[in-house]
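Take a look at the letters that make up each chain.
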Amino acid sequence: MKEKQLVFSKWIEGNGPEAETVISSRVRIARNIREIPFPYLASDAQTRRVQEKVAKAAASQKDAFRQFSFKPMENLGALEKELLVEKHLISPYLARESQHGALLLRRDEAVSIMINEEDHLRIQVILPGLQLEEALQEAERYDDLMEAELDYAFDESYGYLTCCPTNVGTGLRASVMLHLPALIMTGQANRLFGALSQVGLAVRGLYGEGTEIIGNLVQISNQITLGQSEEEIVRNLLGVTRQVIEQEQAARQALLNENRARIADRAWRSLGQLKYAQLMSSQEAMQLLSDVRLGYDLGLLKGVDRKLLNKMLVVISPACLQILAGKELGPEERDMERPERLKKLMEQYKESV
Amino acid sequence: MICQECGQETATVHITKIVNGRKSELHLCRRCAQAHDELDFSFEPQFSLHNLLGSLLGESMRGSREALRRSKVQCPSCALTFAQFSQIGRLGCSGCFQAFDEQLTPLLRRIHGSSRHTGKVPRRSQGAIRFARELEKLREDLKLAVQKEEFEKAAELRDRIKAMEKEMKEGEQR
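So, here's what we can say about the structure. Note that the coordinates shown come from a computational prediction; the quantities given were computed from them, not determined experimentally.

Here we come to the packing of helix 10 (residues 306–315) of chain A against helix 12 (residues 331–352) of chain A. All names here are of chain A. Where helix 10 contacts helix 12, the axes come no closer than 10 Å and their chain directions differ by 160°. Here helix 10 is positioned roughly antiparallel relative to helix 12, judged by the angle of their axes. In this structure, helix 10 meets helix 12 at a crossing whose hand is right-handed. Here Leu308, Lys311, Met312 and Val315 of helix 10 lie close against helix 12, whose contacting residues are Arg341, Leu342, Leu345, Met346 and Tyr349. The class makeup of the residues in the contact of helix 10 with helix 12 is seven nonpolar, no polar and two charged.

So this is what it looks like as structure tokens:
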């Protein structure tokens with residue numbers, strides 16, 4: 001596989017609104033088919049039937065799904081699946097544990113429909129920058145297309161029925177991936193995170209539930225799915241996100257005013273390490289990338305752009321490194337491969353400018 | 001505040017230790033804090049959401065006779081019992097929502113602050129739901145008309161109900 005195709009996804013383009021703070025916006029909706037048990041309780045034959053039904057639903061609407069490819073998990077290699085996880089297109093559960101799990105992936109990798117995850121269907125849209133409403137609209141469009149062919153499990157009072165009670169109702173989880181170096185550096189982040197949980201929002205690290213915050217990347221998502229409409233949920237998250245952006249920008253300005261030389265120095269040093277280091281862990285790389293991103297956003301540093309930084313964020317992850325190397329690599333070998341790949345990306349970028 | 005260890009980075013980890021009544025403070029940057037052996041920075045959650053939900057359900061009525069009765073309730077479609085649901089925190093199929101209705105409503109209210117969906121409705125059932133609501137209303141009107149001895153109106157309502165029921169049956173067969 002060519003590097004270009006590999007390190008590509010709509011969100012990686014890094015060109016949406018508020019891209020200085022918002023890496024990506026994501027919406028996913030959970031749906032189930034009536035009369036078939038949820039995947040974890042369904043038989044082998046039943047999950048297979050779900051896969052067939054969804055594939056057929058897409059195939060029977062050729063125009064709408066022309067840009068999609070159908071990927072059953074059993075046909076993919078372990079690394080290929082992990083790369084999809086690293087690009088946030090599928091969940092670790094779908095990659096590793098699902099029974100007859102499959103993916104419908106749009107060519108631009110903005111839309112991914114997971115089959116036989118915790119629910120029969122998980123329709124997901126990821127766009128670069130702050131585009132929650134756009135992502136919701138797109139997700140609903142595919143939801144309507146699927147509904148035209150599938151008999152959804154829906155209850156008049158409970159709404160869309162899902163395997164986990166925390167998703168019942170709209171089945172909607174909306175989230176934004178934010179880069180908050182200034183709020184974290186100045187120690188304001190914890191207070192903010194506490195306040196967010198009080199308004200029904202959850203804060204997580206880069207890879208979702210149960211992951212810690214690395215590289216100053218923070219995911220904020222709604223918790224409540226019942227009793228609010230889809231538009232309300234998205235509007236709430238949008239409003240809060242705008243406030244967080246404002247605070248982060250204010251904190252960045254304060255840093256710039258008080259510590260301009262220090263921030264610039266750190267950004268340039270980090271860029272130097274990314275260019276010349278010989279050994280690098282992924283955690284270290286993420287911190288360095290955060291420093292460089294902040295420097296770039298504050299206009300203190302040149303020679304990179306957001307797309308390159310996003311690509312670098314993906315290329316440092318384990319599966320991507322191994323696919324590029326064309327062989328399996330242990331943790332130490334990956335720490336050697338990582339700077340090599342970063343160097344190559346930066347050289348390619350220099351040539352393209 | 002600058003890190004006490006490296007003297008360069010901003011300190012983001014603040015530790016207050018009290019040993020035998022003596023208090024000491026430590027202010028470290030992220031990297032130095034991670035290098036510190038005595039600090040364990042694994043914040044892996046010890047329990048999953050599903051376990052948590054399970055105990056949320058179980059705890060409220062543990063031990064009562066009512067709890068025992070409820071734990072034996074079983075979903076007729078997928079055979080999941082309420083006791084199993086309480087343990088794993090996940091429902092088995094769409095039928096479970098009806099089978100466990102009595103216990104689910106308070107649980108959902110606790111999770112979401114509401115137990116009533118106000119969002120999107122599938123296009124297909126949109127029509128069906130409206131149809132069912134309309135039919136229900138006509139039947140009530142008919143009852144009222146009979147009570148009030150408005151027989152002409154009642155006859156008219158009866159005809160409309162019959163027509164709708166017929167339409168519904170044909171729809172099902174299709």
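Looking now at the interface of chain B and chain A. Listed per partner, the contact involves 46 residues of chain B and 51 residues of chain A. Between chain B and chain A the total buried area reaches about 3,900 Å² when both faces are included, carbon and sulfur atoms providing 54% of it. Among the residues chain B hides against chain A, the three largest losses belong to His112, His117 and Lys120 of chain B. Together they make up 19% of the total. Counting the contacts that link chain B with chain A gives five salt bridges. As a salt-bridge pair, Glu118 of chain A and Arg90 of chain B come within 3.9 Å of each other at their nearest N and O atoms.

Residue and element names in this part refer to chain A. Pairing in this open sheet of eight strands is antiparallel, and the strands run 2-3-4-5-1-8-10-9 from one edge to the other. At either margin of the open sheet sits one strand with a lone partner, and together these are strand 2 (68–72) and strand 9 (201–204). Along the sheet, successive strands turn relative to each other by an average axial angle of 20°, direction set aside. Pairing geometry for strand 3 (residues 102–106) and strand 4 (residues 111–115), over four bridges, is antiparallel.

With that settled, consider helix 3 (residues 78–86) of chain A. For helix 3 of chain A, the set of buried residues is Lys81, Leu83, Leu84, Val85 and Glu86 of chain A. After helix 3 of chain A finishes, the residue His88 of chain A shows a positive phi value of roughly 65°.

In terms of nonpolar packing, the biggest core is built from 62 residues, with Ile113, Leu132, Met146 and Ile220 of chain A touching the most fellow members. Residue contacts for Met146 of chain A: discarding those within four places in its chain leaves Val54, Ala57, Ala58, Gln61, Phe65, Leu104, Ile113, Leu121 and Tyr152 of chain A.

All names here are of chain A. Counting buried residues along helix 10, eight of its ten residues qualify, which places the element largely inside the surrounding structure. Among the residues making up helix 10, those that are buried are Arg306, Leu308, Leu309, Asn310, Met312, Leu313, Val314 and Val315. At its buried positions, helix 10 is contacted by strand 1 (22–31), strand 10 (217–222), helix 8 (230–276), helix 9 (282–297), helix 11 (318–325) and helix 12. If you check the start of helix 10, you find a side-chain oxygen 3.3 Å away from the backbone N of Lys307, and it comes from Asp305.

Conventions and cut-offs
Residues numbered from 1 in each chain as written. Chains lettered and ligands numbered in written order. Predicted model: local features only at pLDDT ≥ 70, side-chain atom pairs only at ≥ 80, totals over all residues. Heavy atoms only, no water. Axes fitted to C-alpha atoms, helices over the stretch in contact; angles between N-to-C directions. Helix = DSSP H or I, 4+ residues; strand = E, 2+ residues; numbered from the N terminus. Parallel < 35°, antiparallel > 145°, perpendicular 65-115°, else oblique. Left-handed = near helix turned anticlockwise from the far one by under 90°. Contact = heavy atoms within 4.5 Å. Nonpolar A, V, L, I, M, F, W, Y, C, P; charged D, E, K, R; others polar. Buried area = accessible area lost by both parts, 1.4 Å probe. Salt bridge = Lys/Arg side-chain N within 4 Å of Asp/Glu carboxyl O. Pairing = 2+ DSSP bridges. Buried < 20%, exposed > 50% of the residue type's maximum accessible area, 1.4 Å probe, protein only. Core = buried A, V, L, I, M, F, W, Y, C linked by side-chain atoms within 4.5 Å. Polar contact = N/O pair within 3.5 Å; in protein donor to acceptor, adjacent residues only side chain to side chain.

Note that all results are geometric; they support no functional claim without further evidence.
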